[in-house]
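Spelled out, the chains give:
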Amino acid sequence: MTGEQAEEERQRSFLRRVLAEAADRIGAPLAGEAVFGWRDRTIGAPALKEGKRLWLRATAEHRDWTSSEEWIGNQDAAHLSDIPKPALLDRIEWDEAEVMIYAELMTFVSDRPCSPTPELHEPLDLPRSWWKSLRDALDALAGQTTRRGAESPGWYKPTLRVFFGARADHLRPAWSTEHMDMHWANLTAPRLWVLDWEHWGRAPAGYGAASLYCHSLLVPDMARQVHDTFGDVLEPPEGRYAQLCVIGHMLRRIDRGDYLDLAVPLHEHADRILDA
């Protein structure tokens, strides 16, 4: 076993223990196989309470990170309306020697994620009603008020300058409430549910649609369908700004080992936006 594998197993063992303790503390025995989140940062599994099948999710962070909006993202999202998302039923927190831990009990979603990875690698056969539900959900989210997020071009300017120089300086954002982690592993089918609300808030208008489009670039037919659904959001200057913000964010992730297959398509798409 390599050092990296050993560290991965230590992290997963730690998360399994945390999840088991969360089940005891919240009074919801585990009732299925655990699933690990991105880079083993979170863990979740089916759980039972009062005869109902629910979902128990847990994570741990160093205390320095627990003051961030992401720490209470699902909790803050509980008041959002007209969006198909799991309902938060209970939440607990506790601390250990070096970390804070939270666990959340949510309604169970039986529909499967559209993809095992954030970026799409194969086409999906999704009915027109699914796409309408997605558009309705993002429209409903956009109009809801929150103090979460960063409603300032200064937040995004460094990333745009790093990757695009001054080529994007002529674009200006509009602002709306957005799901900041909109990709294919956070959407389900055949019924649409929008998962993972750690990252949401005020952002460049169209950020969610732009994120889904960029995560679809490896499957042109699916990228075309996203564009057909959200073209009026993506094509105006504000939408192009949002797309460049997403591309910059994803290119930074590529530098850390994610999305390697998307490196060239993202650069090519950025060039199309900037040359338009």
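Everything discussed here concerns the structure shown above.
Participant: It is not clear to me how the pairing of strand β3 (residues 52-62) should be interpreted in this structure. Could you clarify?
Facilitator: Each regular strand shows side chains that alternate between the opposite faces of the sheet. Taken together, the eight bridges between strand β2 (residues 42-49) and β3 define a ladder with antiparallel strand orientation. Paired with Ala45 across the two strands is Leu56, which belongs to β3. Following β2, the chain reverses through two residues before pairing antiparallel with β3; Glu50 in that reversal takes a positive phi of roughly 55°. Across nine bridges, β3 lies against strand β5 (residues 99-107) in antiparallel orientation.

Participant: Sorry, what's going on with the layout of surface pockets here?
Facilitator: To locate leftover empty space, one rolls a probe as large as a water molecule over the atoms. Approximately 170 Å³ is the volume attributed to the second largest pocket. Taken together, Pro153, Lys157, Leu160, Arg161, Gly165, Ala168, Asp169, Leu171, Arg172, Pro173 and Tyr241 form the lining of the second largest pocket. At four residues, helix α4 (residues 153-164) tops the list of elements feeding residues into the lining of the second largest pocket. Residues of the lining of the second largest pocket, tallied by class, amount to six nonpolar, one polar and four charged.

Participant: Looking at this structure, I do not really get the packing of helix α5 (residues 207-214) against helix α6 (residues 220-234). What am I missing?
Facilitator: The description of two packed helices rests on the angle between their axes and on the distance between the axes. With their axes 10 Å apart at the nearest point, α5 and α6 run at an angle of 155° to one another. Between α5 and α6, the angle is such that the two are roughly antiparallel. The hand of the α5/α6 crossing is left-handed. Here Ala209, Ala210, Leu212 and Tyr213 of α5 lie close against α6, whose contacting residues are Ala223, Val226, His227, Phe230, Val233 and Leu234.

Participant: Please clarify how the side chain of Lys85 should be interpreted in this entry.
Facilitator: By the element assignment, Lys85 lies in the loop between α2 (73-76) and β4 (88-95). Polar side-chain contacts of Lys85 include one of 3.0 Å to the backbone oxygen of Ala77. Non-local contacts of Lys85, meaning those with residues more than four positions away in its chain, are made with Ala77, Ala78, Leu80, Trp193, Val194 and Trp197.

Participant: Help me out: how do you make sense of helix α3 (residues 128-142) in this one?
Facilitator: Quick reminder: α-helices carry 3.6 residues per turn. Residues three or four places apart thus point the same way. Between its terminal C-alpha atoms α3 stretches 21 Å, which fits the 21 Å expected from 15 residues at 1.5 Å a residue. Among the residues of α3, Trp130, Trp131, Leu134, Arg135, Ala137, Leu138 and Leu141 are the ones counted as buried. The buried side chains of α3 occupy one side of the element, clustering within an arc of 160° when seen end-on. Facing away from the buried surface of α3 by more than 90 degrees, the exposed residues are Arg128 and Lys132. Residues of α3 that are buried in the fold lie against β7 (175-179), β8 (188-189), α5 and α6.

Participant: Please clarify how the nonpolar core should be interpreted in this entry.
Facilitator: Ranked by size, the top nonpolar core spans 53 residues in total, and within it Trp130, Leu134, Trp184, Leu187, Leu244, Ile247 and Leu266 carry the most contacts. Every element with two or more residues in this core is listed here: α3, α4, β9 (200-204), α5, α6, α7 (237-254) and α8 (263-275). At nine residues, the largest contribution of residues to this core is made by α7. With residues near it in sequence (within four places) discarded, Ile247 still touches Phe164, Cys214, Leu266, His269, Ala270 and Ile273. Counting residues in hydrophobic clusters, the runner-up holds 21 residues, among them Leu19, Ile26, Ala28 and Ile101.

Participant: I keep staring at the sheet that holds β5 and nothing clicks. Help me out?
Facilitator: In a beta sheet, neighbouring strands pair by backbone hydrogen bonds and run either parallel or antiparallel. Taken together, the five strands give an open sheet; going across it, the order is β1-β2-β3-β5-β4, and neighbouring strands pair in antiparallel fashion. Strands at the two margins of the open sheet, each flanked by one partner only, are β1 (35-36) and β4. Where β1 and β2 come together, two bridges link them in antiparallel fashion. Paired with Phe36 across the bridge in β2 is Ile43. Packing of helix α1 (residues 3-26) onto the sheet brings it into contact with β1, β2, β3, β4 and β5, and relative to β4 it is tilted by some 120°.

Participant: Before we go on, may I ask you to explain the environment of His79 in this structure?
Facilitator: Tracing the backbone through its elements, the reader meets His79 in the loop between α2 and β4. Along the chain, His79 and Gly248 lie 169 residues apart, while their C-alpha atoms are 30 Å from each other. In this structure the side chain of His79 is engaged in a polar contact, spanning 2.7 Å, whose partner is the backbone oxygen of Asp76.

Participant: For this particular structure, what's the right way to read empty space enclosed by the protein?
Facilitator: For the structure on display, the rule yields one cavity of 30 Å³ or more. Within this model, the largest cavity holds a volume of roughly 70 Å³. Lining the largest cavity are Met180, Asp181, His183, Tyr207, Ser211, His215, Val246, His249, Met250, Arg253 and Tyr259. If you list the elements that add at least two residues to the lining of the largest cavity, you get α5 and α7. With four residues, α7 is the largest single contributor of residues to the lining of the largest cavity. A breakdown of the residues in the lining of the largest cavity according to their chemical character gives five nonpolar, four polar and two charged.

What counts, and where the lines are drawn
Residues numbered from 1 in each chain as written. Predicted model: local features only at pLDDT ≥ 70, side-chain atom pairs only at ≥ 80, totals over all residues. Heavy atoms only, no water. Pairing = 2+ DSSP bridges. Helix = DSSP H or I, 4+ residues; strand = E, 2+ residues; numbered from the N terminus. 1 Å grid on protein atoms, 1.4 Å probe; cavity = no way out; pocket = protein on both sides within 12 Å on 5 of 7 lines; lining within 4 Å. Points joined across faces, edges and corners; volume = space filled by probe spheres on them. Nonpolar A, V, L, I, M, F, W, Y, C, P; charged D, E, K, R; others polar. Axes fitted to C-alpha atoms, helices over the stretch in contact; angles between N-to-C directions. Parallel < 35°, antiparallel > 145°, perpendicular 65-115°, else oblique. Left-handed = near helix turned anticlockwise from the far one by under 90°. Contact = heavy atoms within 4.5 Å. Polar contact = N/O pair within 3.5 Å; in protein donor to acceptor, adjacent residues only side chain to side chain. Expected span 1.5 Å × (residues − 1). Buried < 20%, exposed > 50% of the residue type's maximum accessible area, 1.4 Å probe, protein only. Arc of directions from axis to C-beta. Core = buried A, V, L, I, M, F, W, Y, C linked by side-chain atoms within 4.5 Å.

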